[in-house]
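Chain by chain, the residues run as shown.
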Amino acid sequence: QVQLVESGGGLVQPGGSLRLSCAASGSIFSINAMGWYRQAPGKQRELVATITSGGTSTYADSVKGRFTISRDNAKNTVYLQMNSLKPEDTAVYYCNAHVIAMGFHFDMGYWGKGTLVTVSS
């Protein structure tokens, strides 16, 4: 069993910053890609950023230059540094990880339960 737990969400004013963390735990052999997605009220879940085990990252156009994804492979943790936040960044942010569990030879996708980010004055 693999669990992903996000933390770091909250209320922030426009222009402010937040750092999200997501720690994976359980019967983990290795983790391939990790990423962050978000879902705003009334909208579909969308990709925010991803990062490979080697550190290659990709971003949605809407967050390029403002958000930075990083990971600590030793801690099985992925981070999302969010700067210059805008009201339209308000959403529940979900962590995703492609994990090879102990005893398996292929990865499976796991999701955290999400953390709410609210950008408002």
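Everything here concerns the structure above.
Summarised in this report is the structure supplied together with it. (Residues numbered from 1 in each chain as written. Predicted model: local features only at pLDDT ≥ 70, side-chain atom pairs only at ≥ 80, totals over all residues. Heavy atoms only, no water.)

Section: the nonpolar core
Side chains that are nonpolar tend, in soluble globular proteins, to be buried together. Core analysis: the biggest nonpolar cluster contains 31 residues, and Trp-36, Val-48, Phe-67, Val-78, Leu-80, Met-82 and Tyr-93 have the highest contact counts within it. Those elements giving two or more residues to this core turn out to be strand S1 (2-7), strand S3 (18-26), strand S4 (28-39), strand S5 (46-51), strand S7 (67-72), strand S8 (77-82), strand S9 (91-101) and strand S11 (115-119). Ranked by residue count, the leading element in this core is S9, at five residues. Not counting the four nearest positions on each side in its chain, Val-78 is found in contact with Leu-20, Ser-21, Cys-22, Met-34, Trp-36, Ile-51, Ile-69, Ser-70, Arg-71 and Cys-95. (Core = buried A, V, L, I, M, F, W, Y, C linked by side-chain atoms within 4.5 Å. Buried < 20%, exposed > 50% of the residue type's maximum accessible area, 1.4 Å probe, protein only. Helix = DSSP H or I, 4+ residues; strand = E, 2+ residues; numbered from the N terminus. Contact = heavy atoms within 4.5 Å.)

Topic: the packing of aromatic side chains
Under the criterion given, the structure shown has two aromatic pairs. Between Tyr-37 and Trp-111, the aromatic rings sit 5.0 Å apart at their centres with planes inclined by 65°, giving edge-to-face as the arrangement. Of this pair, Tyr-37 sits in strand S4 while Trp-111 sits in strand S10 (residues 108-111), and the two are 74 residues apart along the sequence. Trp-111 gets classed as partly exposed once you look at its relative accessible area, which sits at 41%. (Phe/Tyr/Trp six-rings, centres within 6.5 Å; stacked < 30°, edge-to-face > 60°.)

Digging into the sheet that holds S1
The four strands are arranged S1-S3-S8-S7 in an open sheet whose pairing can be described as antiparallel. One side of each edge strand has no neighbouring strand; the edge strands of this open sheet are S1 and S7. Mean inter-strand twist for the sheet, computed between neighbouring axes without regard to direction, equals 15°. Judged from the six bridges that link them, S3 and S8 form a sheet pairing that is antiparallel. Within the sheet, the bridge partner assigned to Leu-20 lies in S8 and is Leu-80. (Pairing = 2+ DSSP bridges. Axes fitted to C-alpha atoms, helices over the stretch in contact; angles between N-to-C directions.)

Observations regarding the pairing of S11
Residues of S11 alternate between two faces, with Thr-115, Val-117 and Val-119 buried on one and Leu-116 and Thr-118 left unburied on the opposite face. Pairing of strand S2 (residues 10-12) with S11, which is carried by three bridges, proceeds in the parallel orientation. Bridged to Leu-11 within S11 is Thr-118. Pairing of S9 with S11 involves three bridges; the strand directions are antiparallel. Within S11, the residue paired with Val-92 across the bridge is Leu-116.

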